[in-house]
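Listed below are the residues making up each chain.
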Amino acid sequence: MGKSFTPYRITAMAVDPIHVGAGGGRLGRVDQSIVRDPVTQVPKIPGSSLAGVYRAYAAMAKDRYPDCAGQGQPDKQGKGGHCGKRDCPICTVFGFARSAGGGFAGLAAFSDAHVLLFPVATREGPVWITCPGAMRLVGAEIGGLCDKAVYRSTVAQSLNLGWLLLPVKKYPNDQDPQSKLNELQIPEYICRNLAAVSDKLFPHIVNSNLEVRTSVSINPETGAAEEGALFTHEALPRSTVLLWEVICKNPTHFRVGNDAVDEVTDMEGVFDIVAKAHPYFECLGVGGMGTRGMGRLRVFSSKESSASANQTGGA
Ligand SMILES: [Zn+2]
């Protein structure tokens, strides 16, 4: 039967600020916040948002499947919606909502996108901050960081991270994360300007250095600005590095209705269809506020991550 799934690790950088809203009124008066991890309070992009974007862009790349791109709800006349056919690359890889034989979960699953490296302005220029919890996602361990210092490969008296001034220390036991990040094809100018802080300090630094923009709500009926509708929204800043995983399941283990999946025969084939979306991320982006110049992502690398230290199995 062979193995049941292959995880692929994707790293990408924000080309624009990225806003993935936490829900609520799209143009309401309340300030728009972004989705955060409930445990760490670090902003993230939910896997469900990624899945929707991947589906739409893969369908665009494949061209012949416009009805299979969206959420699959047929219109009032019962037309449109996912085709649900076993030879459809979009429906087999991303699943479908309905068909005679019921729905199908799809051969690809998407983790949340986590912040791996977060850019902060310092008097030395931008420095990308990480923490042990984030580096563990790429199989690197940095242990023994105290909460009141910043760790770097070069020693200096102190470094300001935005408004926060911290003493600089060397990574304990030479646990410099740089070599691991080089492996992930993170650009050199980022790898040369790294620093690490403790898991406790990281969310504070991220949340106090988010990009905050102020906009005016436009009344969709009149096209005019609504009175008192100035609102702020937050976003992950440009050049934030994100990481997520795409789990590709073995097509030979699945059936669509009573039949074998026809379009793809192995896990690499599943990932090939998923990866067709990557060039579109850089043009069309993820998340909201696309019309306000937000959301574009450049994918650096995507590779099989079977050596991942935090493999959860299942999926
Ligand atoms: Zn389809």
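Every chain begins its residue count from 1, and numbering advances along the sequence as written. Predicted model: local features are reported for residues with pLDDT of at least 70 only, side-chain atom pairs are reported and counted for 80 or more only, and whole-chain, interface and lining totals are derived from all residues. As a rule here, side-chain values cover all heavy atoms of the structure and leave hydrogens and water aside.

S.K.: What is the right way to read the confidence of the model for the protein chain from this model?
M.R.: Detailed reading of the predicted coordinates is not advisable wherever pLDDT falls low. Within a predicted model, pLDDT stands for the predictor's per-residue confidence, ranging from 0 to 100. Per-residue pLDDT for the protein chain averages 85, and the proportion of residues at 70 or more is 85%. Secondary structure elements follow DSSP: runs of H or I of four or more residues count as helices, runs of E of two or more count as strands, with numbering from the N terminus. Summarising per-element confidence for the protein chain, the mean pLDDT is lowest in strand S10 (residues 225-235) (71) and highest in strand S2 (residues 108-110) (97). A low-confidence stretch, residues 24-30 stays under pLDDT 50, and its non-local contacts, those more than four residues away or across chains, total twelve contacts. Note on residues 307-315: pLDDT is under 50 here. Beyond four places in sequence and across chains, it has 13 contacts. Every residue pair with non-hydrogen atoms within 4.5 Å of one another is taken to be in contact.

S.K.: Would you explain the pairing of strand S1 (residues 5-14) in this entry?
M.R.: The side chains of a regular strand alternate between the sheet's two faces. For every residue, the accessible area obtained with a 1.4 Å probe (protein chains only) is divided by the maximum for its type, and the residue is called buried under 20%, exposed over 50%, and partly exposed between those limits. Most of S1 sits inside the fold, with ten of its ten residues counted as buried. Strand direction decides the pairing type here: S1 and strand S11 (residues 241-249), joined by nine bridges, are antiparallel. In the sheet register, proline 7 faces S11, and the bridge partner there is isoleucine 247. Relative to strand S14 (residues 297-304), S1 runs antiparallel, the two sharing seven bridges. Any two strands with at least two DSSP-identified bridges between them are counted as paired.

S.K.: Would you mind going over the coordination of the zinc ion with me for this structure?
M.R.: By definition of the ideal shapes, four donors in a tetrahedron about a metal sit 109.5 degrees apart, and six donors in an octahedron sit 90 or 180 degrees apart. Around the zinc ion, the protein contributes the donor atoms Cys68 (SG), Cys83 (SG), Cys88 (SG) and Cys91 (SG), which lie 2.2 to 2.4 Å from the metal centre. Angles of 104 to 115° at the metal separate the four donor atoms of the zinc ion, which places the site in the tetrahedral class. When its relative accessible area of 1% is taken as the criterion, cysteine 88 is described as buried. Nitrogen, oxygen and sulfur within 2.8 Å of a metal are treated as its donors, or within 3.2 Å for sodium, potassium and calcium (Na, K, Ca); water is not counted, so a site can appear incomplete. Any site counts as irregular unless it has four donors with all angles between 85 and 135 degrees, making it tetrahedral, or four or six donors with opposite ones more than 155 degrees apart and the rest between 65 and 115, making it square planar or octahedral.

S.K.: So what exactly am I meant to see when it comes to the pairing of S11 here?
M.R.: Counting buried residues along S11, nine of its nine residues qualify, which places the element largely inside the surrounding structure. The two faces of S11 match: Val241, Leu243, Glu245, Ile247 and Lys249 on one face and Leu242, Trp244, Val246 and Cys248 on the other face are all buried. Where S2 meets S11, three bridges bridge the pair, whose relative direction is antiparallel. Counterpart to phenylalanine 110 in the pairing with S11 is valine 246.

S.K.: Could you clarify how one ought to interpret the packing of aromatic side chains in this entry?
M.R.: What describes a pair of aromatic rings is the distance from one ring centre to the other and the angle between the planes of the rings. Stacked, tilted and edge-to-face are the three classes assigned to paired rings of Phe, Tyr and Trp, where Trp is represented by its six-membered ring and a pair needs centres within 6.5 Å; plane angles under 30 degrees give stacked, over 60 edge-to-face, the rest tilted. Scanning the entire structure with this criterion turns up ten aromatic pairs. Ring centres 5.9 Å apart and planes at 25° place the aromatic pair tyrosine 57 and tyrosine 280 in the stacked group. Here the residue tyrosine 57 occupies a position in helix H1 (residues 47-62), and tyrosine 280 occupies one in helix H8 (residues 278-284), the gap between them amounting to 223 residues. Using a relative accessible area of 9% as the deciding quantity, one classes tyrosine 57 as buried. Here tyrosine 280 falls in the partly exposed class, since its relative accessible area comes to 25%. Between phenylalanine 104 and phenylalanine 254, the ring centres sit 6.2 Å apart and the planes meet at 85°, which makes this aromatic pair edge-to-face. Pair noted here: phenylalanine 104 is in the loop between helix H2 (89-94) and S2 and phenylalanine 254 is in the loop between S11 and strand S12 (255-256), with a separation of 150 residues, a long-range link. By relative accessible area, phenylalanine 104 is classed as buried at 12%.

S.K.: Please explain the pattern of salt bridges as it appears in this structure.
M.R.: If charged atoms from side chains of opposite charge come close, those side chains can pair. Salt bridges are defined as contacts in which a side-chain nitrogen from Lys or Arg sits within 4 Å of a carboxyl oxygen from Asp or Glu. Applying the stated criterion to the full structure yields ten salt bridges. Between aspartate 262 and arginine 86 there is a salt bridge; the shortest N-O distance is 4.0 Å. Separated by 176 residues along the polypeptide, aspartate 262 in the loop between strand S13 (259-260) and helix H7 (267-275) and arginine 86 in the loop between H1 and H2 bring together distant segments of the chain. For aspartate 262, a relative accessible area of 45% puts it in the partly exposed group. Across the salt bridge formed by arginine 152 and glutamate 124, the nearest N and O atoms sit 3.0 Å from each other. Here the residue arginine 152 occupies a position in strand S5 (residues 150-152), and glutamate 124 occupies one in the loop between strand S3 (114-122) and strand S4 (125-130), the gap between them amounting to 28 residues. For arginine 152, a relative accessible area of 6% translates into the label buried. Overlapping salt bridges, with partners in common, bring together Arg86, Asp259 and Asp262 in one network.

S.K.: Hey, could you run me through H1 in this one?
M.R.: Along an α-helix, a turn takes 3.6 residues, which lines up residues three or four apart on a common side. An ideal rise of 1.5 Å per residue puts 22 Å on 16 residues; H1 measures up with 22 Å between its terminal C-alpha atoms. Here H1 has its buried residues at Gly47, Leu50, Val53, Tyr54, Arg55, Tyr57, Ala58 and Ala59. Turning to H1, the residues buried within the fold contact S1, H2, S2, S11, H7 and H8. Positive backbone phi, approximately 70°, marks aspartate 63, located one or two places after H1. Take the number of residues in a helix, subtract one, and multiply by 1.5 Å to get its expected span.

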